[in-house]
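Structure assessment
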Amino acid sequence: MKHLAKLWLLLFLVFESCVIFQATKVPTNNLKAVVETKSNKSPKIVFLGDSITHGRVSYDYVASIAKHPSLADYQIINEGINSRLTDQILEQLENLKQLNPDIVFLLIGTNDLKATLSEEEYNRYANLWKLKDPVTEESFVRNLTKIIQTIQKDTKTKLVVFSPPVLGEDPNSIPFQRSKRFAELTKQVVTKEKAIYKPLHETLSKGLDESKLNVKKPYIQSTWGMYWTILKYYSSTSSWNDLGDSNGYYYLTDAIHLNERGGKILEDMALEEILVGKR
């Protein structure tokens, strides 16, 4: 029995490693790779962000946009990485400057706001990214302002900024209210810097108000719950919508990431800006 138990444990660990690899695999069409290949393909569109843009633990809206029939000649770049804060976006600006893309879509802020929820949340990001300073509303505004100003100064790109999505789906919960606050801060900065603002948070929030859900679930920190949802996605035929439904969410999968229902709203907002010049 002991040998059998060890065998099952070994198989589980191997399987878990495969899932983690799938969930964290860096997009092949990332910013650095495209800069290094010196591709002449144009127009170039960069999606800059965190795990929601990465698309490995969330509905992959970037890949779906890349398949749009009107964009066959476009170069779509996915510069999304799991768990990024605004600090890590700042580190990508030199490559962005070299590429000088036609359009940049920026979706960031979820991890910044999560890092303000508790010491436990902050410490996870501090350990991952070797953060030396606290994450605050002020640091978010400062970093977001610098990101936007640098892109506008050093490139000729059309810059589109989304507000961060909802965190959990209970409007009365503290995490949801924090996500609302960071959406408001994003709008203030984007409006001041005269970039294009897309109200993702506001649209999702309105959709939740209009939905007929009897219970709206809040965000509760649960790393295992998130990993379990990801594990089920890569080990079954369940869609992100299926997993969101089973977890009790309408637009989300695990209280953080977007399912297809939520991701399509984001995708349509992006396509609206991309296709405006093609009509």
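Residues numbered from 1 in each chain as written. Predicted model: local features only at pLDDT ≥ 70, side-chain atom pairs only at ≥ 80, totals over all residues. Heavy atoms only, no water.

Comments concerning the pattern of salt bridges
- Going through the model one piece at a time under the given rule, you end up with eleven salt bridges.
- With its nearest N and O atoms 3.4 Å apart, the salt bridge here joins Lys114 to Glu121.
- The partner of Arg181 in a salt bridge is Glu137, and the shortest N-O contact between them spans 3.2 Å. With Arg181 in helix α10 (residues 174–193) and Glu137 in helix α9 (residues 137–154), the pair connects residues that are 44 residues apart, well separated along the chain. (Salt bridge = Lys/Arg side-chain N within 4 Å of Asp/Glu carboxyl O. Helix = DSSP H or I, 4+ residues; strand = E, 2+ residues; numbered from the N terminus.)

Regarding the UniProt feature "domain: SGNH hydrolase-type esterase" (unreviewed entry) in the protein chain
- Mapped onto this numbering, the UniProt entry gives "domain: SGNH hydrolase-type esterase" (unreviewed entry) at residues 47–208.
- With 53% helix and 14% strand, residues 47–208 has end C-alpha atoms that lie 26 Å from one another. (UniProt positions renumbered as here; feature names shortened; annotations may be inferred.)

Topic: a nonpolar patch on the surface
- Together, Trp224, Tyr227 and Trp228 line one region of the surface with nonpolar side chains, adding up to about 380 Å² of accessible area.
- Position of Trp224 among the secondary structure elements: in helix α12 (residues 223–235).
- In this structure Trp224 comes out as exposed when scored by relative accessible area, which is 51%. (Patch = residues over 30% accessible without salt bridge, like charges linked within 9 Å, V, L, I, M, F, W, Y side chains within 5 Å. Areas by Shrake-Rupley, 256 points an atom, 1.4 Å probe, with all protein chains shown as cover. Buried < 20%, exposed > 50% of the residue type's maximum accessible area, 1.4 Å probe, protein only.)

Digging into the packing of α10 against helix α11 (residues 200–210)
- It is the contact of α10 with α11, at a shortest axis distance of 10 Å, that shows an interaxial angle of 140°. As far as their axial angle goes, α11 and α10 are oblique. Here Phe176, Ser179, Lys180, Ala183 and Lys187 of α10 come into contact with α11, specifically with His201, Glu202, Ser205 and Leu208. (Axes fitted to C-alpha atoms, helices over the stretch in contact; angles between N-to-C directions. Parallel < 35°, antiparallel > 145°, perpendicular 65-115°, else oblique. Contact = heavy atoms within 4.5 Å.)

A short note on unusual backbone geometry
- With an omega of 0°, the peptide bond running from Ser42 to Pro43 counts as cis.
- Relative to the helices and strands, Pro43 resides in the loop between α2 (31–37) and β1 (44–49).
- The backbone of Lys38 shows a phi angle near 55°, a positive value even though the residue is not glycine.
- Mapped onto the fold, Lys38 is located in the loop between α2 and β1.
- The backbone of Ala255 sits at a positive phi, close to 85°, despite the residue not being glycine.
- Along the chain, Ala255 turns up in the loop between α13 (240–247) and α14 (260–275).

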